[in-house]
Amino acid sequence: MLLQKKQIAIIGGGPGGLTLARLLQLKGVTNAFAIKVYERDFNKNARVQGTTLDLHEESGLKALRQAQLFDEFKRNYRPGADKMIIVNENAELFFSDHEGKPEENFGSEHFRPEIDRGPLRKMLLESLQPDTVMWDRQLVSMEKNGDGWQLHFKNKTSAYADIVIGADGANSKIRPYITKSKAFYSGISGLLGSVHNPDTTVPAIHKLLKGGKIMAFGGGKNFTVASNGDGSLAFYLSYKADESRLKNIDLADKTQVLSWFKNDYAEWGNVWHGLLENAETPFMLIPIYCMPLNQNWEALPNLTMLGDAAHVMPPFAGEGVNMAMLDALELSEFLTSDKYNTLQEAISIYEINMRKRAALAAQESLENGVRMHSENALQIMLDFFSNPNFTK
Ligand SMILES: Cc1cc2nc3c(=O)[nH]c(=O)nc-3n(C[C@H](O)[C@H](O)[C@H](O)COP(=O)(O)OP(=O)(O)OC[C@H]3O[C@@H](n4cnc5c(N)ncnc54)[C@H](O)[C@@H]3O)c2cc1C
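As a starting point, this report considers the structure included with it. Computed from a predicted model, the values in this text were never measured in an experiment.

1. Concerning the site of the ligand
Gly16, Glu39, Arg117, Asp308 and Val321 are the nearest of the 34 residues found near the ligand. Between the ligand and Arg40 there is a distance of 3.0 Å, counted from an oxygen atom to a side-chain nitrogen or oxygen. For the ligand, a nitrogen atom lies 2.9 Å from a polar atom in the backbone of Leu139. In the complex, 86% of the free accessible area of the ligand, which totals 1000 Å², lies under the protein chains. Breaking the shell around the ligand down by element, the ones donating at least two residues are α1 (15-27), β3 (53-54), α4 (117-126) and α10 (320-335). When residues of the shell around the ligand are assigned to their parent elements, the largest contribution, 4 residues, is made by α10. Residue composition of the shell around the ligand, grouped by class: 11 nonpolar, 12 polar and 11 charged.

2. Looking at the sheet that holds strand β10 (residues 158-161)
If you trace the 3 strands from one edge of the open sheet to the other, you get β8-β9-β10, paired in antiparallel fashion. Since the sheet does not close on itself, it has two edges, and those belong to β8 (139-145) and β10, each with one partner. Between one strand axis and the next, the sheet turns by 25 degrees as a mean value, whatever way the strands run. Pairing geometry for strand β9 (residues 148-153) and β10, over 4 bridges, is antiparallel. Across the sheet, residue Leu151 finds its bridge partner in β10, namely Ala159.

3. Side note on the pattern of salt bridges
This model, assessed by the stated rule, comprises 13 salt bridges. When the shortest N-O distance is used, the salt bridge between Lys122 and Glu126 registers 3.3 Å. Linking Lys122 with Glu126, this pair stays in helix α4, spanning 4 residues, or about one helical turn. Overall, the relative accessible area of 55% leaves Glu126 in the exposed class. Salt bridges sharing partners connect three or more residues here, namely Glu39, Asp41 and Arg121.

4. Considering the environment of Ser365
Topologically, Ser365 is positioned in helix α11 (residues 343-372). For the pair Ser365 and Gly320, spaced 45 residues apart in sequence, the C-alpha separation works out to 9.3 Å. Contacts of Ser365, omitting those with residues within four sequence positions, involve Met313, Pro314, Phe316 and Ala317. Here Ala361 takes part through its backbone oxygen, which lies 2.7 Å from a polar atom of the side chain of Ser365.

Reading the values: the criteria
Residues numbered from 1 in each chain as written. Predicted model: local features only at pLDDT ≥ 70, side-chain atom pairs only at ≥ 80, totals over all residues. Heavy atoms only, no water. Near = heavy atom within 4 Å. Polar contact = N/O pair within 3.5 Å; in protein donor to acceptor, adjacent residues only side chain to side chain. Areas by Shrake-Rupley, 256 points an atom, 1.4 Å probe, with all protein chains shown as cover. Helix = DSSP H or I, 4+ residues; strand = E, 2+ residues; numbered from the N terminus. Nonpolar A, V, L, I, M, F, W, Y, C, P; charged D, E, K, R; others polar. Pairing = 2+ DSSP bridges. Axes fitted to C-alpha atoms, helices over the stretch in contact; angles between N-to-C directions. Salt bridge = Lys/Arg side-chain N within 4 Å of Asp/Glu carboxyl O. Buried < 20%, exposed > 50% of the residue type's maximum accessible area, 1.4 Å probe, protein only. Contact = heavy atoms within 4.5 Å.

Right, dumping it as structure tokens:
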């Protein structure tokens, strides 16, 4: 086996890195190799920010089935969280799929169950052998050491690995050791925020939300609101803007953020203001980047990457986490296959497939981004969701 007696370092304990660790540990039942996940968060309870994630049958859910975590997923997913309404800039209702019972059609490509980031991370973490994850290990640099790599962390510790896998997200520290190619700005920027106790702080929005999602479109701008399993809600605004446009706003200052909203979302009604007024601070600025669709590089013998580190893409097709988990599944299979003579060969085939697959998903995400931020986005989305064959 190619991994025999190797020390494997996965940098980053997001969905991609943790799925890979789990799948490799399942393959290495004889403890033929050792895996460590080095994660920058201080501990497992560090806040996981963001909206819920919908997992797809052919990618995220496929990886969880292989990871023997499908039943655990079914215990943690949120039936009905995929229900949504579409509204305009004044929160007037144009579409709702809340009628009918929550779907539980596992196995159908049209069923995309939602799970919060926190529970997904928790179930992956709990599936790993004890002490697999090394917390407070923010990688700052690495250098060659014999046939492997010496890793250096911000907390001044260091570790050796024979093979390194970068799963450290969009601003990966590993990626520059593999390729010079960089992500480009998509022309769309946004803000992410969350509100606790929405039933009392933003009752009008809470009533519309009904435990699902609100997608609002108006004047080329979006406002998405999603309920979280802990009763809070997350929201995400995005619009076409110069990348520097939001950089000077103090994200800890609600007054500044509200005044930016009133200016840049001028045609939007007051109903949205409560979300910004009651949000936790700081808000998170999200300029949307995408990897070049034609990126290419020579495979290395002991270093590769997956997920956002390899192919960050706009979130408008809901593919990012699904691609990261499918990367993890495919990489675990290539690295433990007996078909390849060398690790470099296994990594090379994995990377060729991964780049091709991710480019298709990124293309779709970019196209959706254009559609969702066009002047007639509301009508486009209504036409799309009124089609009986749509996949949410
Ligand atoms: C607003 C928004 C909404 C989204 N919605 C969806 C959606 O609905 N569906 C979907 O599929 N995708 C969605 N995505 C994309 C999705 O979040 C990512 O594609 C996915 O999280 C990528 O997983 P990953 O494991 O590759 O990286 P990440 O989730 O980014 O995880 C990287 C991990 O590495 C750690 N790390 C980072 N740097 C270092 C370092 N130097 N050293 C050690 N550790 C490090 C981080 O702390 C983190 O734990 C969305 C993204 C955004 C911004």
